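Here is what each chain is made of, one letter per residue.
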Amino acid sequence: MSRVSAAHPILADLAAELPDTRIVTAADETEAYRRDETEFLPAGRPLAAAFPTSTAEVAAIVRHCAAQRVPVVTRGGGSGLSGGANAVDGCVVLVMTGLDRIIEIDAANLLAVTQAGVITADLERAVEAQGLLYPPDPASHELSCIGGNIAENAGGLRCVKYGVTRDWVLGLEVVLADGEVIRTGGRNVKDVMGYDLTRLLVGSEGTLGIITEATLKLRPLPAPKTTLLAFFPTVGHAGDAVSRITAAGVIPVTLEMLDRPIIDAVEQAVHLGLDPEAGALLMIESDAGGKEAERELDLAAAACSAAGATKLDRATDAAEAEAMREARRRAHWSLEQLGQARTEDVSVPRSRVAELIAALEGISARHHLRIGVFGHAGDGNFHPAYLTARDDPQAKERTDAVRAEVYEAVLALGGTISGEHGTGLTKKQFLERQFGPRAVAAMRAIKDALDPQGILNPGKILPD
Ligand SMILES: Cc1cc2nc3c(=O)[nH]c(=O)nc-3n(C[C@H](O)[C@H](O)[C@H](O)COP(=O)(O)OP(=O)(O)OC[C@H]3O[C@@H](n4cnc5c(N)ncnc54)[C@H](O)[C@@H]3O)c2cc1C
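What counts, and where the lines are drawn
- Residues numbered from 1 in each chain as written.
- Predicted model: local features only at pLDDT ≥ 70, side-chain atom pairs only at ≥ 80, totals over all residues.
- Heavy atoms only, no water.
- Helix = DSSP H or I, 4+ residues; strand = E, 2+ residues; numbered from the N terminus.
- Rg over C-alpha atoms; globule rule 2.2 N^0.38 Å.
- Buried < 20%, exposed > 50% of the residue type's maximum accessible area, 1.4 Å probe, protein only.
- Contact = heavy atoms within 4.5 Å.
- Areas by Shrake-Rupley, 256 points an atom, 1.4 Å probe, with all protein chains shown as cover.
- Lys, Arg positive; Asp, Glu negative; His and termini not counted.
- Charge placed at Lys NZ, Arg CZ, Asp CG, Glu CD.
- Pairing = 2+ DSSP bridges.
- Axes fitted to C-alpha atoms, helices over the stretch in contact; angles between N-to-C directions.
- Salt bridge = Lys/Arg side-chain N within 4 Å of Asp/Glu carboxyl O.
- Near = heavy atom within 4 Å.
- Polar contact = N/O pair within 3.5 Å; in protein donor to acceptor, adjacent residues only side chain to side chain.
- Nonpolar A, V, L, I, M, F, W, Y, C, P; charged D, E, K, R; others polar.

## Observations regarding the overall build of the protein
The number of helices and strands found in the protein is 16 helices and 19 strands. At 22 Å, the protein has a C-alpha radius of gyration in line with the 23 Å of a compact globule built from 464 residues. Per-residue burial for the protein yields a buried fraction of 55% across its 464 residues. Sequence separation of 24 or more characterises 71% of the internal contacts of the protein that already satisfy a separation of 6 or more. Total accessible area computed for the protein in this model is approximately 18,700 Å², and 54% of it derives from carbon and sulfur atoms. Distance from the positive charge centre (46 side chains) to the negative charge centre (63 side chains) of the protein: 3 Å.

## Observations regarding the sheet that holds strand β3 (residues 72-75)
Taken together, the 4 strands give an open sheet; going across it, the order is β1-β2-β4-β3, and neighbouring strands pair in mixed fashion. Only two strands of the sheet have a single partner each, and these edge strands are β1 (22-24) and β3. Between one strand axis and the next, the sheet turns through 20° on average, direction left out of account. Looking at chain direction, β1 and strand β2 (residues 48-51) are connected through 3 bridges and run antiparallel. Note that in β2 the partner of I23 across the bridge is A50. Where helix α3 (residues 55-67) meets the sheet, it contacts β2, β3 and β4 (92-95), and its direction lies at approximately 170° from that of β4.

## Focus on the pattern of salt bridges
In total, this model carries 34 salt bridges according to the counting rule given. The closest approach of N and O atoms between R34 and E31, which form a salt bridge, is 3.2 Å. When its relative accessible area of 8% is taken as the criterion, R34 is described as buried. Residue E31 is classed as partly exposed on the basis of its relative accessible area, which comes to 36%. Here R329 and D137 are joined by a salt bridge, their closest N and O atoms 3.8 Å apart. Remark: D137 occurs in the loop between β7 (132-133) and α5 (146-152) and R329 occurs in helix α11 (residues 318-329); sequence separation between them is 192 residues.

## Topic: the side chain of D287
Mapped onto the fold, D287 is located in the loop between β14 (280-286) and α10 (290-306). Contacts of D287, omitting those with residues within four sequence positions, involve K161, Y162, P222, A223, P224, K225 and V253.

## Considerations on the site of the ligand
T74, G76, S79, G80 and S140 are the nearest of the 37 residues found near the ligand. A distance of 2.6 Å is found between an oxygen atom of the ligand and a backbone nitrogen or oxygen belonging to T74. Interatomic distance of 2.9 Å between a backbone N/O atom of I211 and a nitrogen atom of the ligand. Look at the ligand: alone it shows 960 Å² of surface, and the protein chains cover 99% of it. For the shell around the ligand, the secondary structure elements donating two or more residues are β3, α5, β10 (210-217) and α12 (331-334). Looking at the shell around the ligand element by element, the count peaks at 5 residues for α5. For the shell around the ligand, the per-class residue count stands at 12 nonpolar, 20 polar and 5 charged.

## Details of unusual backbone geometry
When glycine is set aside, most residues are seen to have a negative phi, and most peptide bonds are trans. Although it is not a glycine, L110 sits at a positive phi angle of roughly 50°. You can see L110 is positioned in the loop between β5 (102-106) and β6 (111-115). Of note in this structure, N457 is not a glycine but carries a positive phi near 45°. Here N457 shows up in the segment after α16 (437-450).

See below:
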């Protein structure tokens, strides 16, 4: 099945060892695998895209790449927003979607074992059919893969209550930079043997090893969600409500914010009849069930009213709530209707959400650049979207100036420059600003130890 020329010696070697593995080299065939969801970041020309279906095939490909010093860029669903899966010149793109088997769902031990290329929503549906929940729920769950979620330590719409991907990974099978295969962690809920390589690999963005299999924690399926929509005159009021909800001790399963430009974009895409006057809305959900769910949403409603909410709507049926959730998931794509949009990802401690919003408003006004705001407000994790006209020749320069100021504001609030989308290409030059040179040197030492030739996703995370 290989369709490779012998132009580079590795191609002939791969074809000889893996005659049944799909490997493509023509530019029109590799084009679809050159970049993730970011349009504005550089992407190189791959030598080939390879489509392994087993750990053994991944290991063989990496072994050959290591022997010939060919870079390896691993790719899951390609839904990343930091350029992490963008090709570098002369690399082999390892497309992991063929490792798509859910190996085991073990209800007695509340765990699942899955190959890395399984689509996140497929795993969610499979475990739900057995009365179980895999909580990490990125808005991209129909596109992204478990391996990509682990490599980015993805967050999502249920993190307020259940945490991020890292909190649900028990163990990994990983192909190292020389093609050797190791296992980290295992099936035990408690396990403190040796260094915690599992946690090191979570969020490593394909730079330390290639995840081929994961053992994931599950939990019993909670009650169906009940949903409250709260509308506010301004994002500032909504930000205040987020801090008040947290201070009231309510931990909703979902606490998302959309501001006016984003509500407009979502309304244009999916007509939900959202309040046309509101400056911002919060979507607050409880999965506690019964009276506890009512109590949570009552407390949240009281906090919203105290913060100046103009309207509170409880979704009357499950379909209405799901439509709202779907609208939120589409926010990223809906933005395209507003012109050129560059989605940001920053996070601050929850008590400082209102200050972050005030800072964004100040920066937007000073730079005369529209910033739409949406995100996982309950985690303090926001996606300001820098909005420019499609024909603005200065769009990149203006956006870059705004970004730098946003990051300074976020760091001054004790926040982080990326909450969930990763460092990738887009934020590596800010790594040292956040952590200082010594910490970055420690990260570099880890990279050198695990990938001495620097072939795994070169140029990502660590500054040049
Ligand atoms: C509409 C939309 C909504 C989104 N919503 C969220 C959200 O709610 N929360 C969130 O956190 N993110 C979100 N994202 C970003 C993105 O979906 C996540 O980062 C996701 O985890 C990427 O998974 P992927 O399989 O698409 O990975 P890719 O984009 O293919 O790759 C991402 C990174 O992981 C590496 N990688 C991929 N697979 C492996 C593997 N098997 N082993 C080692 N490294 C690997 C790649 O090299 C790259 O560095 C969203 C993106 C879009 C487009």
